[in-house]
Amino acid sequence: MDALRSLVRDWRFLLLHLLNQTIQQVDDPPVRLCVKLFDMEVEPMRLAKLTLCGFKSFADKTEIVFDQPVTGIVGPNGCGKSNVVDAIKWVLGEQSAKSLRGGAMMDVIFNGSSARKPSGMASVTLHFENPLNP
């Protein structure tokens, strides 16, 4: 049950904070969000692309492009859905290996397989864009 709560919390974090999607009624006017940061108004950014290389099950360079609003990631068991959430948490500064579903921080680096050698490093890049000011 704790794993399910953690997964729901991770997805809510991913969907609400990083993708910055606002749920609105059809008749509602568009909402313009602004955030105060160091006495400046900063317009929200949206996650446009996620690039992974050597992170957990993503041995090769992989780009996930978010062209349109994403409501979920689906796939068969073991395909790496949860690793996408772990990658976003890791690049944002998560330092707890337990929170990243590992025993040690070395577990985030691709550990190899019967057909591939282990990777020596892992990299994750978040690409943001401002949809209001292209």
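Conventions used here
Residues numbered from 1 in each chain as written. Predicted model: local features only at pLDDT ≥ 70, side-chain atom pairs only at ≥ 80, totals over all residues. Heavy atoms only, no water. Helix = DSSP H or I, 4+ residues; strand = E, 2+ residues; numbered from the N terminus. Contact = heavy atoms within 4.5 Å. Areas by Shrake-Rupley, 256 points an atom, 1.4 Å probe, with all protein chains shown as cover. Salt bridge = Lys/Arg side-chain N within 4 Å of Asp/Glu carboxyl O. Buried < 20%, exposed > 50% of the residue type's maximum accessible area, 1.4 Å probe, protein only. Pairing = 2+ DSSP bridges. Axes fitted to C-alpha atoms, helices over the stretch in contact; angles between N-to-C directions. Core = buried A, V, L, I, M, F, W, Y, C linked by side-chain atoms within 4.5 Å. Phe/Tyr/Trp six-rings, centres within 6.5 Å; stacked < 30°, edge-to-face > 60°.

Structural notes on the overall build of the chain
Reasoning step 1: Helix and strand counts for the chain come out as two helices and five strands.
Reasoning step 2: Its helices and strands in sequence order give the chain the pattern α-β-β-β-β-α-β, from N to C terminus.
Reasoning step 3: Contacts in the chain between residues far apart in sequence, at least 24 positions, make up 57% of those at least 6 positions apart.
Reasoning step 4: Only carbon and sulfur atoms are counted for the fraction: they give 56% of the accessible area of the chain, which is about 9,500 Å².

Section: the pattern of salt bridges
Reasoning step 1: Tallied over the full model, the rule gives five salt bridges.
Reasoning step 2: Its salt-bridge partner being Lys 56, residue Asp 86 comes within 2.7 Å of it at the nearest N-O pair. Placement of the pair is Asp 86 in helix α2 (residues 81-91) and Lys 56 in the loop between β3 (46-53) and β4 (62-65), with a sequence separation of 30 residues. Pair check on accessibility: Asp 86 and Lys 56 agree, each one buried.
Reasoning step 3: We classify Asp 86 as buried; its relative accessible area is 1%.

Some thoughts on the sheet that holds β3
Reasoning step 1: Pairing in this open sheet of three strands is antiparallel, and the strands run β4-β3-β5 from one edge to the other. A strand with exactly one partner marks an edge of an open sheet, and here the two such strands are β4 and β5 (123-129). Sheet twist, expressed as the average angle between the axes of neighbouring strands with direction ignored, equals 15°.
Reasoning step 2: One ladder, built from seven bridges, connects β3 with β5; its direction is antiparallel. Paired with Cys 53 across the strands is Ser 123, a residue of β5.
Reasoning step 3: Seen against the sheet, α2 touches β3, β4 and β5 and runs at an angle of roughly 85° to β5.

Observations concerning the environment of Pro 44
Reasoning step 1: Along the chain, Pro 44 turns up in the loop between β2 (40-42) and β3.
Reasoning step 2: Residues Pro 44 and Asn 130, spaced 86 residues apart in sequence, show a C-alpha to C-alpha distance of 6.7 Å.

Details of unusual backbone geometry
Outside of glycine, negative phi angles account for most residues, and trans bonds account for most peptide bonds.
Reasoning step 1: The phi torsion at Lys 56 lies on the positive side, around 45°, for a residue other than glycine.
Reasoning step 2: Taking the relative accessible area as the measure of exposure, Lys 56 reaches 12% and is therefore buried.

Details of the nonpolar core
Reasoning step 1: Counting residues in hydrophobic clusters, the biggest one holds 15 residues, and the most contacted among them are Leu 50, Leu 52, Phe 55, Ile 88 and Val 124.
Reasoning step 2: Secondary-structure elements contributing two or more residues to this core are β3, α2 and β5.

Re the packing of aromatic side chains
Reasoning step 1: Taken as a whole and assessed by the stated rule, the structure comprises one aromatic pair.
Reasoning step 2: Both rings, one in Phe 55 and one in Trp 90, keep their centres 5.3 Å apart while their planes meet at 40°; by these two values the pair is tilted. Of this pair, Phe 55 sits in the loop between β3 and β4 while Trp 90 sits in helix α2; the two residues are 35 residues apart in sequence, bridging distant segments of the chain.
Reasoning step 3: Overall, Trp 90 belongs to the partly exposed group, its relative accessible area being 23%.

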